[in-house]
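One letter stands for each residue in the lines below.
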Amino acid sequence: LKRITTHSLQEMKAGGEMIAMLTAYDYSTALILDDAGIDVLLVGDSASNVMAGHETTLPITLDQMIYHASSVVRAAKRALVVVDMPFGSYQGDSLEALHSAIRIMKESGGHAVKLEGGTEVRESVERIISAGIPVMGHLGLTPQSIYKFGTYTVRAKEEAEANKLLEDARSLQEAGCFAIVLEKIPAKLAAKVTAMLDIPVIGIGAGPEVDGQVLVVNDMLGITNGFKPRFLRQYLNLFETIGGAVGEYIKDVKGKDFPGEREQY
Ligand code: KIV
Ligand code: NA
């Protein structure tokens with residue numbers, strides 16, 4: 001079983017093989033995804049929403065991200081594990097960013113970090129990469145800036161924002177990023193970025209003309225209830241499946257049907 005590396009992703013782009021990425025936050029789920037053959041496991045700061053129940057990604061801490069990431073790392077035998085740098089751990093200055101990235105690498109054993117933003121974070125990106133830590137960029141609808149955007153609607157529909165995104169994407173590649181995520185932007189713009197860059201572009205709500213796709217695992221498995229943006233393909237409805245199983249269990253307990261003869265000592 002050969003470990004996926006940042007170089008494998010580059011080869012996949014060159015060979016036209018799409019990169020399959022999902023988020024993961026815990027050991028048990030990561031084991032399943034890794035065994036199924038996922039290329040990249042993203043320990044997303046979306047853990048703030050789907051694991052902790054916060055409304056935004058802003059509250060999750062560096063310590064909490066490290067806890068989630070170390071759990072995922074212990075499960076990943078093949079997948080590349082990328083860890084989100086949480087809000088507040090890299091925006092202050094590049095030295096703070098470097099220290100946060102080093103903590104993630106040392107304490108979680110993750111293989112790379114991801115952070116949001118373009119030219120604003122360029123110095124931090126360069127400094128982290130100089131320390132030997134691979135960095136994945138993230139442009140478009142960057143959820144850590146939700147209070148700046150004021151809405152979760154599609155980004156970069158206007159020319160000015162699209163041009164800024166193109167400039168940011170180029171800047172991140174120049175800074176040495178091994179890949180970038182494009183979130184919720186017009187498919188045409190994502191295709192343009194993908195054609196322009198040599199590094200892999202992974203989309204979420206960015207159309208098909210990219211080098212790979214990522215989804216939040218709880219959303220694609222239907223664990224999250226009632227979250228159905230257009231870009232989401234829901235493969236299961238685990239909210240109903242698990243709810244049904246739990247309903248059975250409750251019925252068995254209340255009806256004194258569980259435990260049975262062979263389920264006791
Ligand atoms: O935190 C996350 O889940 C992400 C993906 C949506 C790219 O950053
Ligand atoms: Na994220």
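Residues numbered from 1 in each chain as written. Chains lettered and ligands numbered in written order. Predicted model: local features only at pLDDT ≥ 70, side-chain atom pairs only at ≥ 80, totals over all residues.

What about the overall build of the chain?
The test is simple: The secondary structure listing takes helices from DSSP runs of H or I that are at least 4 residues long and strands from runs of E that are at least 2 residues long, numbered from the N terminus. It is over C-alpha atoms that the radius of gyration is taken, and the globule rule equals 2.2 Å times the number of residues to the power 0.38. Three classes are used. A residue is buried when 20 or more other C-beta atoms lie within 10 Å of its own, exposed when 12 or fewer do, and partly exposed in between, with C-beta atoms placed from the backbone. Remark: residues whose backbone-derived C-beta atoms lie within 7 Å of one another are considered to be in contact.
The helix and strand inventory of the chain stands at eleven helices and eight strands. In terms of overall size, the chain behaves like a compact globule, its C-alpha atoms giving a radius of gyration of 20 Å where 265 residues would be expected to give roughly 18 Å. Taking the principal axes of the C-alpha coordinates as reference, the chain spans close to 65 × 40 × 40 Å. Residue burial in the chain is summarised as follows: out of 265 residues, 42% are buried. Relative to all contacts within the chain whose residues are 6 or more apart in sequence, the contacts with residues 24 or more apart total 60%.

Re helix α6 (residues 122–130)
Our working definition: Note that the arc is computed from the directions linking the helix axis to the C-beta atoms.
Among all positions of α6, only S124, V125, R127 and I128 are buried. Across the axial projection of α6, the buried residues extend over an arc of 165°, all falling on one side. On the buried face of α6, the contacting elements are α5 (94–108), β4 (112–114), β5 (135–140) and α8 (159–175).

A look at the site of ligand 1
To be explicit about the condition: Defining nearness, a residue is near a molecule or strand when the C-beta atom obtained from its backbone falls within 6 Å of it. Note on residue categories: nonpolar means Ala, Val, Leu, Ile, Met, Phe, Trp, Tyr, Cys or Pro, charged means Asp, Glu, Lys or Arg, and polar means any other residue, Gly included.
Around ligand 1 sit T23, L42, G44, D45, S46, D84, V181, E183, I204, V214 and V216, and those are all the residues in its vicinity. Classifying every residue of the shell around ligand 1 by side-chain character gives five nonpolar, three polar and three charged.

Looking at the packing of helix α4 (residues 62–75) against α5
The angle between the axes and the distance between the axes are what describe a pair of packed helices. Inclusion rule: Axis definition: a line fitted to C-alpha atoms, limited for helices to the stretch in contact. Angles are taken between N-to-C directions and run from 0 to 180 degrees. What makes a crossing left-handed is the near helix being turned counterclockwise from the far one by less than a right angle; a clockwise turn instead makes it right-handed.
Two elements in contact, α4 and α5, have axes separated by 9 Å at closest approach and are oriented at 35°. For the pair α4 and α5, the sense of crossing is right-handed. Residue-level contacts link L62, M65, I66, A69, S70 and V73 of α4 to S100, R103, I104, E107 and S108 of α5. Considered class by class, the residues forming the contact of α4 with α5 number six nonpolar, three polar and two charged.

Some thoughts on the nonpolar core
Formally: Defined on buried residues, the nonpolar core groups Ala, Val, Leu, Ile, Met, Phe, Trp, Tyr and Cys residues joined through C-beta atoms within 7 Å.
If you look at the biggest cluster of nonpolar residues, it comprises 68 residues, and the most contacted ones within it are L41 and I180. No other element matches the five residues that α4 contributes to this core. Residues contacting I180, with those up to four places away along its chain left out, are M136, G137, H138, L139, A169, L172, I199 and V201.

Observations concerning the packing of helix α2 (residues 27–36) against α4
Defined as follows: Our angle categories are set so that under 35 degrees counts as roughly parallel, over 145 as roughly antiparallel, 65 to 115 as roughly perpendicular, and the remainder as oblique.
Following both chains from N to C, one finds α2 and α4 inclined at 40°, their axes separated by 8 Å at the closest point. The angle between α2 and α4 falls in the class oblique. Taken as a pair, α2 and α4 cross one another with a handedness that is right-handed. For the pair α2 and α4, contact is made by Y27, A30, L31 and D34 and by S71, V72, R74 and A75, respectively. The residue makeup of the contact of α2 with α4, split by class, is five nonpolar, one polar and two charged.

Side note on the domain arrangement of the chain
The test is simple: Boundaries of every domain are those given by an automatic assignment or by a domain database.
Segmentation of the chain into domains returns domain 1 (6–234) and domain 2 (237–265). Each of domain 1 and domain 2 has a C-alpha centre, and these two points are 38 Å apart.

Observations regarding the pairing of strand β1 (residues 19–23)
As a reminder of what qualifies: Note: two strands are recorded as paired if DSSP finds a minimum of 2 bridges between them. The path from the first strand over the helix to the second decides the hand: if it runs clockwise while the strands point away from the viewer, the crossover is right-handed.
For β1, the tally of buried residues reaches four of five residues, placing the bulk of the element in the interior. Relative to strand β2 (residues 40–43), β1 runs parallel, the two sharing three bridges. By the bridge assignment, M21 is partnered in β2 with V40. Following the chain from β1 across α2 to the adjacent parallel β2, one finds a crossover that is right-handed.

So, the sheet that holds β5
Spatially, β1-β2-β3-β4-β5-β6-β7-β8 is the arrangement adopted by the eight strands of the closed barrel, whose pairing is parallel. Looking at each pair of strands side by side, their axes are set apart by 25° on average, direction ignored. Here four bridges tie β2 to strand β3 (residues 80–84), and the two strands are oriented parallel to one another. Residue V40 lies in a different strand from β3, and its bridge partner there is L80.

With respect to the UniProt feature "binding site: 3-methyl-2-oxobutanoate" (unreviewed entry) in the chain
Definition in use: UniProt positions are given in the numbering used here, feature names are shortened, and annotations may be inferred rather than shown by experiment.
Here, the residues flagged by UniProt with the feature "binding site: 3-methyl-2-oxobutanoate" (unreviewed entry) are D45, S46, D84 and K114. A maximum C-alpha distance of 12.5 Å among these annotated residues, which run over 70 residues, shows that they cluster at one spot. Within the secondary structure, S46 is located in the loop between β2 and α3 (47–50). When near neighbours in sequence (up to four residues on either side) are disregarded, S46 contacts T23, T57 and V216. Ignoring anything within four residues of it in the chain, the contact list for K114 reads L42, V82, V83, D84, M85, M136, H138 and V181.

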